[in-house]
Each structure stands twice: as structure tokens, then as C-alpha cells.
Amino acid sequence: MAYKLTRRELLKSSAKALATGVVGSMIPQTLSAGPDQPNIVFILSDDHRWDHMGVAGHPWIRTPNLDRLAGEGVLFNNAFCTTSLCSPSRASIITGQYAHNHGVINNLSFWDNKNTTFLELLKKGGYQTGFIGKWHMPGPLPELRGLDRFITFTARTGQGVYHDCPLIIDGEEVERKGTYISEDLTDYAIDFMQQQKDSPFCLYLSHKAAHGPFITPPDVKEELYSDESIDHLPKWAHRFAGMVNGEIYGGWLFNVENKYKRYCRLITSIDQQVGRVLDELDRLGIADNTIVIYTTDNGMLVGDNGHFDKRWAYDQSTRLPFIVRYPRGLRNPGRRSDEMVLNIDIAPTLLDMAGLDIPEGMDGVSFKSVLQDQTRTLRTSFAYEFFQDFPPFTVPEIDAVRTREYLYIEYNRSRLSPELFDIREDLDRFENLINTPQGQAILPELKRLMEHYRRQKNHG
Amino acid sequence: MDKSFTAANPPDSIRRLFVAPLIAVVIWIALQMSYDLLGYIDNKSIYRTLAAVNWVLLVLSTGFSVVVIYPITAFMGAPLSIRILASYIVPLVWCLKEFIRVSGNHTVVEALYYAIFESVQLLVLISQVALIGGCELVYRWFKRKSNGSGPFLTPGPIIAIILSVIPLYFILIYESGHVFSLKLRMIYRYLFL
């Protein structure tokens, strides 16, 4: 097996990445210009595993609208979150920072109102801004600066409920009898777009689905997928596998097949809501000048390496469905990109595309060049971090390095041994190479990278 | 049938009394080990079927071994304290196993908090009280049937059942257990973060 990540290559790619940053800042802002600033519709789902879309090759899940979005935009094959847990990842998306910088390190640590969000910066840049949907960060509701519309919920510690979820609309709680949350939020999103269509706007539409409990909307029938096979899932996904060794808290109780199909139905229901947003953009005649991004906070393990839920550093948990469409400013639509993009890149990219400055404090980089189909390498590796969480979720603290070829994981304060996987050969088999000749050959470079990222982490 | 636990033959009685819980623990350990060993089966459908069956047996063994252990120890003449202790052996061994597992990733105090107070553990530990109350009533019913005398409905077992059902309601049913779980998290946050 070829071993490619040599020191020379690493240095070369680091220089490349550096050059990308320097040269990138000198490129004229061709994608945006004053009054022609693009609208932004950012759609975030919850726990949507990257390969659970028709366009991503799932054997039977139906996602025609996401497939359409990918056909008209760029589908990123290598998009990742830097912490695969709801609150930290959401904070990373909205701030452009790693969890160790924005401070929301797990689902128990509070949001700091001093954090700057890209919505605040877009507002300063002349945008009308709306946050509609799941906030789900611990502590009291945030005092988000620069929002023209803020609709969210606090039920079940911010997880919300699928039916009749009370919404907090610009600070006032309103009962929502008889409604299904994804449709309700999309209704508000459409209303926001209709009101703001004449000025550049940024809509942040954040869904509860497809987070557990997997309760589907009335129009997605129980029969959907009921005859499909779950043979594509790893062998570990036996009927009660969601209830062993602490996995029980991930919500995969009792019949795994039943839960899995409900999960897939929820993804299809989210797809329907994406379709409604796309249709409305067409109807309003603003689709050409609107950037639509679809992604999620983290992936989902369904028996992979014996685990359910997320949190672990494996691709099934960290890799994201990630699609960007921008008819007016994107070159060669309908393509796939292998560039490595992260959730922390969303904020700087949107600011970049809006023609605004990217603050120094952001850890992510703009991937505007990828949308312009320029042959530049954004990065060749990234650091994954997972902090201590409430013990029912008995995943240890993790530091990991993901390169294009390898995933190296170290568990902190844990009895678990380090793991090393060749991603090219082994996405599903989880064969730890750490004590093999191949593993020993690559390990020093990966450890060096790990130390590099740790130094960055320790110095903020 | 009802052999008294007398001072005349304590070693023999004690041995007999602890045979049932010991066998239950051995069965539990065997099921735990077999579950792990099944992982070596490569055939997906065979593994899934066997693992699911093994899991059901493991859960029955963990949560419901009391319904076998309690009557056996009772009919062997064990006093109430010994019956209760024997009934708790398997759940406590399971809690110990969870403690060891979690202490691999968390501090000892956190692991202890998890191993005793987490919803599922509490569910099992508290439900044993209800099951013991139920088993005691069944035992009395059988005893009365064979001897024709003895108390049946006394406050003890009834109170035990009621007292355990109330917390079980909050752990399991009220707001789908979410409120209880949230309280545990808040206490955890206060104590450890």
C-alpha cells in the first residue's frame, strides 16, 4: 500500500495552503459587489449522515431536492465537522471557530454572548438577517447581535419537540398547536424570504430533524422504506445494538431497523422542506443571486465499529453532507469537490462571498476559490477535538488528525488505545493499523501533526 | 418446604442460600462474555440474530434474575435481608461492570455517579424493589397455599411496590424521562464541570 504523506509533501502542502490564504486575499471580490450582494440561505439539519442522500449513493433513501441542489451546485465529498456534537458544532458554524475557542465545548457548556457570529457581521455589512430554528446551545437564550428575526425554541433544553413545539418568536413564546416543527420553521423561513426579497438577506434555517426521537411528519407515511433492507449497515447493527455499553442514550432503543427507517424518513422529510425553500426562491425570482448551503451539525453512527449516535472521531460521525448552490457565482455547477472543507469554514466563506472582511479570530478559511473551480488546495489535514461530556455518553476526550488518507485518534485520560485507519482502504472495517508496518511508517508524521494542532489549541 | 435458616447448620444453609445468586452471576458473566465473543462471527445475518438473542437473555438476566433468586432463597428459609441482598447481586455486578467501563474514560467519582445514578442503572436498581415486593407476595401466596396459614397482604411489600413505582414514573414516563435526565445532568454539571 502506498505511503504518501512524506515530510516533504507535508511542507509543500502547508506552503500551498499558506499561499492560498495570501493569494486568496488578493483576488478581487468578483462574487459580490455592493448592491448585488448575494442572498444567503443557510439550511442546517441535525445528525444527517453524509452518505444518506440519493446523490451520495445511498441504496434507497429518496432525497430528490438535495439531489437537485447538488446537480445545480457543488457537492463536497470531504466536508467535516471539527467536533461531532450538536452544540459545539453549531457554535463552530456560526462563529467560524473551533470549540476550544468559542467555548461551547460540549452540550453542557454555555454560549458566551461575547462570541461574534457571521450573522452579526453580515448585518453590519448591510444584510437583513434571520435565524429561524434550532439554537440548541446550553444556557439562557443568547443575546445575538444583528438579528432582524429570531425564531427558536427552548423546549427539552433546546432540542424542541416534533409536534406542537412552542416557538419563541423575537423573544415571545407562542404555542404552536397542531404543527410539525420542520414545516412550521420552513413556513417562517419562506415568510422571511418574501419580506426581504428586495434587499440582501441571510436566512439561517436550522431544523430539528433528523435528530432523535425519530418522529416523522404526518405526510411521510410509515410504509415508506418499510420493505427496504438494512444489509448495507454494518453487522454490528443488530436489533438491540443501540442499547449496549452506554449506547442506549443515543436514542436507538429497541428495534434498530425500525429506528433506522424512521431516521431515513426524517431525512426525506427534511428534503421536502428544502424543496419548498428552493421552489420559493424560484417563485420569487431570486434563485440566481442566492447562495444556498445545505449541511448538518454532525453525522451519525449506525452500528459502525459497534457504536450508535455521534461524538466519536470516525468519518460516519464527523463527515457532513455539504452542498453549495449559487447559480450566479459558481463555476461548473453539478460537480463534486474533493477539497477538505470544515464547518468552521462556513462563516468566513459567507463573509468572503458577501464581500466583507473575515475577522482574524476565525479559525476557518474561505472556500470561495473552490466554488470558482480554482485549483487550489484549502488544506491537507485538520484537527478534530472532542471534550468531556456527561457520562451517559461515555465517549472519552478525543484529539484526532484527519488527513486525506489517514485518521489518527488519541483518547485522552482513557484506557482506550490510539487508533489509526487508512481511510482510502478502510472506511467501514475499522482495522487499526497502529501496530502494523504501514502504521508505524506513517505514525511519526501524524504525531507531529497532532502536536502541531495541540500547540495551536493550547494557545487559543 | 420452608427450611429454616438455623444456627444448627449455618455453613450448609449459607452455602445453599448463595448457590442461586452465584449461579445467576455466573450465567450473567457467561452471557456478557458470549455477547462479546459473538463479534468474531463474520456472517452478518448469523451475527445479528445471535447477538440479538444474546442481548435479550442478558437483559433478562440483569433486570429480572430477582424473580428466580428471591423465591428460591425464600423457600430455602433465608431471612429477608439475605433474600434482598441475594436479589441485588446481579444488578450490582452489572453496575460494577459499568463503573469499571466508564472509569476508563472518566474520573472514579464521575464513574461512580454514572454507575449508580444514571437513569438506566437507577431504573434497574429501583425496579428491583418493586420486583422483590411482588416476589414476596407470590412467595406468601404459595406458602399459604401449601401450609394454609401465614400472612399474605401486609403493608411491607405493598409499600415497597408503591415507593418504587413513583420514582420509576419520573425516570421513565414523565416527559419521557427527559426532565429526570436533565436534573441528573444539571447535578453532574454542578459537581464535575
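Cut-offs applied
- Residues numbered from 1 in each chain as written.
- Chains lettered and ligands numbered in written order.
- Predicted model: local features only at pLDDT ≥ 70, side-chain atom pairs only at ≥ 80, totals over all residues.
- Heavy atoms only, no water.
- Contact = heavy atoms within 4.5 Å.
- Buried area = accessible area lost by both parts, 1.4 Å probe.
- Salt bridge = Lys/Arg side-chain N within 4 Å of Asp/Glu carboxyl O.
- Polar contact = N/O pair within 3.5 Å; in protein donor to acceptor, adjacent residues only side chain to side chain.
- Nonpolar A, V, L, I, M, F, W, Y, C, P; charged D, E, K, R; others polar.
- Axes fitted to C-alpha atoms, helices over the stretch in contact; angles between N-to-C directions.
- Helix = DSSP H or I, 4+ residues; strand = E, 2+ residues; numbered from the N terminus.
- Parallel < 35°, antiparallel > 145°, perpendicular 65-115°, else oblique.
- Left-handed = near helix turned anticlockwise from the far one by under 90°.
- Core = buried A, V, L, I, M, F, W, Y, C linked by side-chain atoms within 4.5 Å.
- Buried < 20%, exposed > 50% of the residue type's maximum accessible area, 1.4 Å probe, protein only.
- Domains from an automatic or database assignment.
- Pairing = 2+ DSSP bridges.
- 1 Å grid on protein atoms, 1.4 Å probe; cavity = no way out; pocket = protein on both sides within 12 Å on 5 of 7 lines; lining within 4 Å.
- Points joined across faces, edges and corners; volume = space filled by probe spheres on them.

Chemist: For this particular structure, what's the right way to read the interface of chain B and chain A?
Modeler: By a frequent convention, interface size equals the accessible area lost on bringing the separate parts together. Residue-level contacts link 36 residues of chain B with 36 residues of chain A. Summing both sides of the interface, chain B and chain A together bury roughly 3100 Å²; the carbon and sulfur share of this comes to 57%. Looking only at chain B, the three residues that lose the most surface to chain A are Arg-48, Trp-55 and Asn-105 of chain B, adding up to 22% of its buried area. In this assembly, chain B and chain A are joined by 1 salt bridge. Two residues, Asp-231 of chain A and Arg-48 of chain B, come together in a salt bridge whose shortest N-O distance is 3.9 Å. Taken together, the links from chain B to chain A amount to 18 residue pairs in polar contact (both at pLDDT 80 or more). Considered class by class, the residues forming the side of chain B that touches chain A number 18 nonpolar, 8 polar and 10 charged.

Chemist: Honestly, the packing of helix α3 (residues 66–75) of chain B against helix α6 (residues 119–147) of chain B in this entry has me stumped. Any pointers?
Modeler: All names here are of chain B. Close contact between α3 and α6 brings their axes to 9 Å; oriented N to C, the two are set at 45 degrees. On the basis of their axis angle, the class for α3 and α6 is oblique. Of the two elements, α3 crosses α6, and the hand of that crossing is right-handed. Residue-level contacts link Val-66, Val-67, Tyr-70, Pro-71, Ala-74 and Phe-75 of α3 to Gln-128, Leu-131, Ile-132, Cys-135, Glu-136, Tyr-139 and Phe-142 of α6. Partitioning the contact of α3 with α6 into residue classes produces 11 nonpolar, 1 polar and 1 charged.

Chemist: Just to check I follow, could you spell out the nonpolar core for this structure?
Modeler: Residue and element names in this part refer to chain A. Grouped together as the largest cluster of nonpolar side chains are 58 residues, with contacts concentrated most on Val-41, Ile-132, Met-193, Leu-203, Tyr-260 and Tyr-263. Going through the elements one at a time, β1 (39–45), α2 (64–72), β5 (167–169), α6 (181–196), β7 (201–206), α7 (256–284) and β8 (290–296) are the ones with two or more residues in this core. Residue contributions to this core peak at 12 residues, all from α7. Apart from the residues lying within four places of it in its own chain, the contact partners of Met-193 are Val-41, Phe-201, Leu-203, Val-277, Glu-280, Leu-281 and Leu-284.

Chemist: Can you walk me through the domain arrangement of chain A in this structure?
Modeler: Residues and elements named next belong to chain A. For chain A, the assigned domains read domain 1 (37–379) and domain 2 (396–460). Put simply, the middle of domain 1 and the middle of domain 2, counted by C-alpha atoms, are 27 Å apart. The interface of domain 1 with domain 2 comprises 19 residues on the first partner and 19 residues on the second. Interface area, domain 1 with domain 2, both sides summed: about 1400 Å², of which 59% is carbon and sulfur. Counting every contact that joins domain 1 to domain 2 gives 2 salt bridges.

Chemist: Just to check I follow, could you spell out the pairing of strand β4 (residues 149–152) of chain A for this structure?
Modeler: A regular strand places its side chains so that they alternate between the two faces of the sheet. Residues and elements named next belong to chain A. Two elements, strand β3 (residues 128–133) and β4, share 3 bridges in a ladder whose sense is parallel. Counted as the bridge partner of Ile-132 is Ile-151 from β4. Sheet topology note: the β4/β5 ladder contains 2 bridges and is antiparallel. Among the inter-strand pairings, Ile-151 is bridged to a residue of β5, identified as Ile-169.

Chemist: In this structure, what is going on with empty space enclosed by the protein? I would like to understand it.
Modeler: Any empty space left between the atoms is revealed when a probe the size of a water molecule rolls over them. Residues and elements named next belong to chain A. A complete count under the given rule lists 2 cavities of 30 Å³ or more for this structure. What the largest cavity holds in volume is close to 50 Å³. Lining the largest cavity, in full, are Tyr-314, Asp-315, Gln-316, Leu-407, Phe-421, Ile-423, Asp-426, Leu-427 and Phe-430. Of the residues that constitute the lining of the largest cavity, the class distribution is 6 nonpolar, 1 polar and 2 charged. Each of domain 1 (37–379) and domain 2 (396–460) accounts for three or more of the residues forming the lining of the largest cavity. If you add up the space inside the second largest cavity, you get close to 30 Å³. Lining the second largest cavity are Tyr-162, His-163, Asp-164, Cys-165, Leu-167, Thr-179, Tyr-180, Ile-181 and Asp-184.

Chemist: Honestly, the environment of Ser-381 of chain A in this entry has me stumped. Any pointers?
Modeler: All names here are of chain A. Take Ser-381: it is sitting in strand β13 (residues 381–386). Classification of Ser-381 as buried rests on a relative accessible area of 6%. Separated by 26 residues in the primary sequence, Ser-381 and Leu-407 have C-alpha atoms spaced 9.5 Å apart. Polar contacts involving the side chain of Ser-381 include one to the side chain of Tyr-453, which spans 2.7 Å.

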